[in-house]
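The lines below spell out each chain.
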Amino acid sequence: MKSRLTIAIAAALLSSAAFAHSEKEGNTPAHGAQLTETPEMIHMVFDNPMRITFARLVNADGAEMPMERGTGLEPSLEFHAEPEPLSPGSYTVEWRGLASDGHAMQGSFSFELSE
C-alpha cells in the first residue's frame, strides 16, 4: 500500500510540473502560411513570460536571413522581429528560450513566399 501511495504522489507531482511550462499560443505568419509579400513582422505569443535567447529566419538552403529583433532578452509574453525584404521561397523561423519556470524550450514554424 505504501508503494501505491508513493507512485500516486509521484504521478501527481509530475503531471502538475508538466502543466507549469510556458507554451507558444500562436505566431505570425501562421505555420504553413502562403504569402505574396514579406511579412511586416515575425511575431510569437506565449501563455507565460518567455525569455527568447535565440531567434533566426532561414531560407530553404539554411542561409540565415537578416531580421531586426524588436524585443530584448527580458521575459515577455510576446516576441517580434522585422525581416528585411525576402525573395520568393520557403522560410523557417527557429527559436529557443527559457520559460518562466526555468525550462529550456525551442520551436520553429515555416511559411512560403510566392511571387
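Residues numbered from 1 in each chain as written. Predicted model: local features only at pLDDT ≥ 70, side-chain atom pairs only at ≥ 80, totals over all residues. Heavy atoms only, no water.

1. Overview of the side chain of Asn27
In step 1: For Asn27, the position within the fold is in strand β1 (residues 24-28).
In step 2: Given a relative accessible area of 16%, Asn27 falls into the buried group.
In step 3: Only 2.5 Å separates the side chain of Asn27 from the side chain of Lys24, close enough to count as a polar contact.
In step 4: If sequence neighbours within four positions are ignored, Asn27 has contacts with His43, Met44 and Phe109. (Helix = DSSP H or I, 4+ residues; strand = E, 2+ residues; numbered from the N terminus. Buried < 20%, exposed > 50% of the residue type's maximum accessible area, 1.4 Å probe, protein only. Polar contact = N/O pair within 3.5 Å; in protein donor to acceptor, adjacent residues only side chain to side chain. Contact = heavy atoms within 4.5 Å.)

2. Some details on the nonpolar core
In step 1: Grouped together as the largest cluster of nonpolar side chains are 18 residues, with contacts concentrated most on Met44, Ile52 and Phe111.
In step 2: Counting only elements with at least two residues in this core, the list comes to β2 (33-35), β3 (42-59), β6 (76-83), β7 (89-99) and β8 (104-113).
In step 3: With 6 residues, β3 is the largest single contributor of residues to this core.
In step 4: In this view, Phe111 contacts Pro29, Ala30, Ala33, Leu35, Pro39, Ile42, Leu57, Leu86, Gly89, Ser90, Tyr91 and Val93; residues no more than four positions away in its chain are not counted. (Core = buried A, V, L, I, M, F, W, Y, C linked by side-chain atoms within 4.5 Å.)

3. Looking at the environment of Phe79
In step 1: Along the polypeptide, Phe79 turns up in strand β6.
In step 2: Remark: the alpha-carbon pair of Phe79 and Met50, spanning 29 residues in sequence, is separated by 8.6 Å.
In step 3: Residue contacts for Phe79: discarding those within four places in its chain leaves Ile42, His43, Met44, Ile52, Ala55, Arg69 and Thr71.

4. A short note on the packing of aromatic side chains
In step 1: Within the structure shown, the criterion is met by 2 aromatic pairs.
In step 2: On the numbers, 5.7 Å between centres and 25° between planes, the contact of Tyr91 with Phe111 is stacked. With a gap of 20 residues between them, Tyr91 in strand β7 and Phe111 in strand β8 connect regions that are remote in the sequence.
In step 3: Seen from the ring of Phe54, Arg96 lies directly overhead, with NZ or CZ sitting 4.0 Å from the centre. (Phe/Tyr/Trp six-rings, centres within 6.5 Å; stacked < 30°, edge-to-face > 60°. Lys NZ or Arg CZ within 6 Å of the ring centre and 35° of its normal.)

5. Description of the environment of Gly107
In step 1: Counting through the fold element by element, Gly107 comes out in strand β8.
In step 2: Distance from Gly107 to Glu94, taken between C-alpha atoms, is 6.0 Å for residues 13 residues apart in sequence.
In step 3: Once residues lying within four places of it in the same chain are set aside, the contact partners of Gly107 are Val93, Glu94 and Trp95.

6. Points about the environment of Asn48
In step 1: Along the chain, the position of Asn48 falls in strand β3.
In step 2: Of the residues examined, Asn48 reaches a relative accessible area of 29% and is grouped as partly exposed.
In step 3: Between the C-alpha atoms of Asn48 and Glu78, which are 30 residues apart in sequence, the distance is 9.3 Å.

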